Amino acid sequence: MKKIIEETAKFYSKFLERFLYYQEQNLKSATLKSVYESLAQSQKKILKKFLDHPHLWDDVQKKYLEELEKLLNKSLDQLTNGTEEEIECIPHTDRRFRHRDWYQHPFFNYLRESYLLQSSYLEKLFDVEELDEETRRKVQFYLRAYIDALSPSNFPFTNPEVIRETIEQKGENLFKGYKNFLADQSKGKGFNLPALTNLKAFKVGENLACTPGTVVFENEIFQLLQFLPTKEPYYQKPLLIIPPWINKYYIFDLQKENSFIRWNTDAGRVVYTISWVNPDASYANTTFKDYVLRGIDKAVEEIKKIASCSDLHALGFCVGGVALNVLMAYYQRRNLKKLNSATLLASPTDFQEMGDLSLFVGEEQIALLEKILKKQGAVAGEAMMKIFSSLRANELIWPNYINSYLLGKEPPAMDFLFWNSDTTNLPAKMHLEYLKEFFLKNALVHHNQYRLGRIGIDIAEVTTPCFIVATQKDHIVPWKAAYAGFQRLKNSVFVLGGSGHIAGIINPPQRQKYGYWTNETTSHAAAAEEWLKTATQHAGSWWTHWGKWVTPFLGEKNLTKAALKSPFIENAPGRYAAQTAPYIKDNIFEV
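Please read these numbers as outputs of a predicted model, since none were measured by experiment. (Residues numbered from 1 in each chain as written. Predicted model: local features only at pLDDT ≥ 70, side-chain atom pairs only at ≥ 80, totals over all residues. Heavy atoms only, no water.)

**With respect to the overall build of the protein chain**
Along its length, the protein chain carries 21 helices and 17 strands. By the burial criterion, 57% of the 591 residues in the protein chain qualify as buried. (Helix = DSSP H or I, 4+ residues; strand = E, 2+ residues; numbered from the N terminus. Buried < 20%, exposed > 50% of the residue type's maximum accessible area, 1.4 Å probe, protein only.)

Right under this line is the structure:
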């Protein structure tokens, strides 16, 4: 027991030392300082509302105390009259409380229920109607983060699973957890989050991104990869995948059983994909326009040369879909017929519907970020990963913290989490332009709000047939933000997949998971809620539905490899995908 206490004290001393140092340095960061100042202003507004309307406090407080008294009486009765086995075990819907002791043991059952009651009390306390919407959303986000961090599951002596493991291993789990903590912090400067997955379990080109292919073109912004079907003939018109530049292309080519690229080539489709460069500070002045024209448009032109075709199908994912929307509107204004159809996967159109992610983007934050990026030249991909993780801390931070640091286990080997950790930096000018034009000005829902060179962009003018996919539980691009594309693009169909931003998109048919919804009866003017209310639910994956839709746009199945004029630079996945993110000096998350 002495060893257990010593190891626990040692771990928490080191953890708190690093955490508090991180918090202190955060306050010195202009970008993160604005977050703290915003929270302080929100708290002042709430306090004023309660002072002006004291009955709001009285009502919430009274109900909380009544519920707390009921819980206490119930728990005392269980302790004195019941046994562990007699306590009702309710469904384990909360991932934090899956261990049986949270329900069957009187003490931990009370601890769990009192925590959830306190959480509900705080949420109601700060859910004040008189607050303006922006203040309310900020407070709710910060409050959830605070409540999540204080969950009894996150502390070694209030988590029954950790206590049992500690007794069984005689404290060895805490010693292993401390080593895991030090290993995570040694991976780079600053306070690092717990590893999402076992990074030693995967290697790009060996057990990830293994579909045979070649690099057929490259410039300073991207490499163009070509993947051919294993059997001839092929469909005439190729498919171009435009991945988000905040991550790497191989989310579409993880492993054989869940590779979207391999699934397409097995169906006879020729697939090309952009593999974005991982920029350093020398790319500081690269713009959004560069990524669209010297990136995507250049890829389209090169594919047309290789395949000797007049047009092709393009598929954009997330921010890649935003760029594709801009390019389609650009083509429309210039009367260029380069795309015969397009697919938009989890791609935002209405940025007012972007949920919690928009809390990190405001005029003040962008102004401060602009000052910082003048020195940095690029946004570190690691910083973006931390922001996305914070949006779902109970799934992407705290479970890994418990597993790695309290239970002393290795993180599980999961391919999509390895991809998520394999980050890509963002050029300063391009990133700021994206935030200003799309997040702040919401350019895609306005006529000519954004201009690509001299060409005004209006996606409502686009006549290209479009297949739009969103996912129901997406925390990065909420499905209503993507549904707005269906409302603006009149020659489009909309499909809602189950699950979230990654699992709902990378959902191979053989898994028979999540399902999807379609609706062929509502108009483009229908509200999102109306569309869903009258939609038809289907089992399986949206991939098969999309496959039937896209095939008529790909022409006859009579193309052979000999007919393609394919240059060879190197084998897939190529140098750009294999490159780790270059170090960014003065990273805003480096402390």
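So much for the structure itself; the text now carries on.
**Quick look at the sheet that holds strand β17 (residues 570-571)**
What holds strands together in a sheet is hydrogen bonding between their backbones, with the strands either parallel or antiparallel. Strands sit in the order β15-β14-β13-β12-β7-β6-β4-β5-β2-β1-β17 across an open sheet of eleven strands; the sheet is mixed. Lying at the two open borders of the sheet, with one neighbouring strand each, are β15 (536-538) and β17. Judged from the four bridges that link them, strand β1 (residues 214-218) and strand β2 (residues 222-227) form a sheet pairing that is antiparallel. Residue pairing in the sheet places T214 in a bridge with Q226 of β2. Against the sheet, helix α11 (residues 319-334) contacts β4 (239-242), β6 (312-317), β7 (339-345) and β12 (466-471), and its axis sits at roughly 150° relative to β7. (Pairing = 2+ DSSP bridges. Contact = heavy atoms within 4.5 Å. Axes fitted to C-alpha atoms, helices over the stretch in contact; angles between N-to-C directions.)

**Observations concerning the nonpolar core**
The biggest cluster of nonpolar side chains holds 134 residues, and the ones touching the most others in it are L240, W245, F252, F288, F438 and W542. Formed by 16 residues, the second largest nonpolar core is a distinct cluster that contains F50, W102, L117 and L143. (Core = buried A, V, L, I, M, F, W, Y, C linked by side-chain atoms within 4.5 Å.)

**Here's the deal with helix α7 (residues 160-169)**
Taken residue by residue, α7 has P160, V162, E165 and T166 as its buried positions. Positive phi appears at K170, one or two residues downstream of α7, with a value of about 55°.

**Structural notes on the pairing of β12**
Every other side chain in a regular strand lies on the same face of the sheet, so the side chains alternate between the two faces. Buried residues dominate β12, accounting for six of its six residues. Where burial is concerned, the two faces of β12 agree: the one with C466, I468 and A470 and the one with F467, V469 and T471 are both buried. Here β7 pairs with β12 via four bridges, running parallel. Across the sheet, the residue bridging to T343 is F467, located in β12. Where β12 meets strand β13 (residues 492-497), six bridges bridge the pair, whose relative direction is parallel. If you follow A470 over to β13, its bridge partner there is L496. This β-α-β element, β12 to helix α18 (residues 479-488) to β13, shows right-handed connectivity. (Right-handed = clockwise from strand over helix to strand, strands pointing away.)

**Some remarks on the packing of helix α12 (residues 363-376) against helix α17 (residues 428-440)**
Relative to each other, α12 and α17 sit at 170°, their axes nearing to 10 Å. Taken together, the axes of α12 and α17 lie roughly antiparallel to each other. Two secondary-structure elements touch here, α12 through E363, I366, L369, E370 and L373 and α17 through A428, H431, L432, L435, K436 and L440. Of the residues that constitute the contact of α12 with α17, the class distribution is seven nonpolar, one polar and three charged. (Parallel < 35°, antiparallel > 145°, perpendicular 65-115°, else oblique. Nonpolar A, V, L, I, M, F, W, Y, C, P; charged D, E, K, R; others polar.)

**Concerning the side chain of E433**
Relative to the helices and strands, E433 resides in helix α17. Despite being buried, E433 has no salt bridge partner; K429 is the closest side chain of opposite charge, sitting 7.2 Å away. There is a polar contact of 3.1 Å between the side chain of E433 and the backbone nitrogen of F288. For E433, the residues in contact, after removing those within four places along its chain, are T287, F288, K289, F438 and Y450. (Lys, Arg positive; Asp, Glu negative; His and termini not counted. Salt bridge = Lys/Arg side-chain N within 4 Å of Asp/Glu carboxyl O. Polar contact = N/O pair within 3.5 Å; in protein donor to acceptor, adjacent residues only side chain to side chain.)

**Quick look at helix α15 (residues 398-406)**
With eight of nine residues buried, α15 lies mostly within the body of the structure. Taken together, the buried positions of α15 are W398, N400, Y401, I402, N403, S404, Y405 and L406. Downstream of α15 by one or two residues, G408 has phi in the positive range, about 70°.

**Some points on unusual backbone geometry**
For residues besides glycine, phi is generally negative; the peptide bonds are generally trans as well. Looking along the chain, the bond that leaves E232 and enters P233 is cis, with omega of 0°. Relative to the assigned elements, P233 resides in the loop between β2 and β3 (234-235). Looking along the chain, the bond that leaves A572 and enters P573 is cis, with omega of 10°. Along the chain, the position of P573 falls in the loop between β17 and α21 (574-578). Not every positive phi belongs to a glycine, and A209 is a case in point at roughly 55°. Judged by relative accessible area, which is 2%, A209 ranks as buried. Positive phi is not limited to glycine here, since C318 has a value of about 60°.

**Observations concerning the pattern of salt bridges**
Enumeration over the complete set of coordinates arrives at 24 salt bridges. Between E67 and K70 there is a salt bridge, with the nearest N and O atoms lying 3.9 Å from each other. Of the two residues, E67 and K70 both sit in helix α3 (residues 54-81), three residues apart, roughly one turn of that helix. We classify E67 as partly exposed; its relative accessible area is 32%.

**Focus: the pairing of β2**
Of all the six residues making up β2, six are buried; the element is thus mostly covered by neighbouring parts of the structure. Taking every second residue as pointing to the same face, both faces of β2 are buried, with F222, L224 and Q226 on one and Q223, L225 and F227 on the other. Connecting β1 to the antiparallel partner β2 that follows it, the hairpin turn spans three residues. The pairing of β2 with strand β5 (residues 271-276) spans six bridges and is classified as antiparallel.

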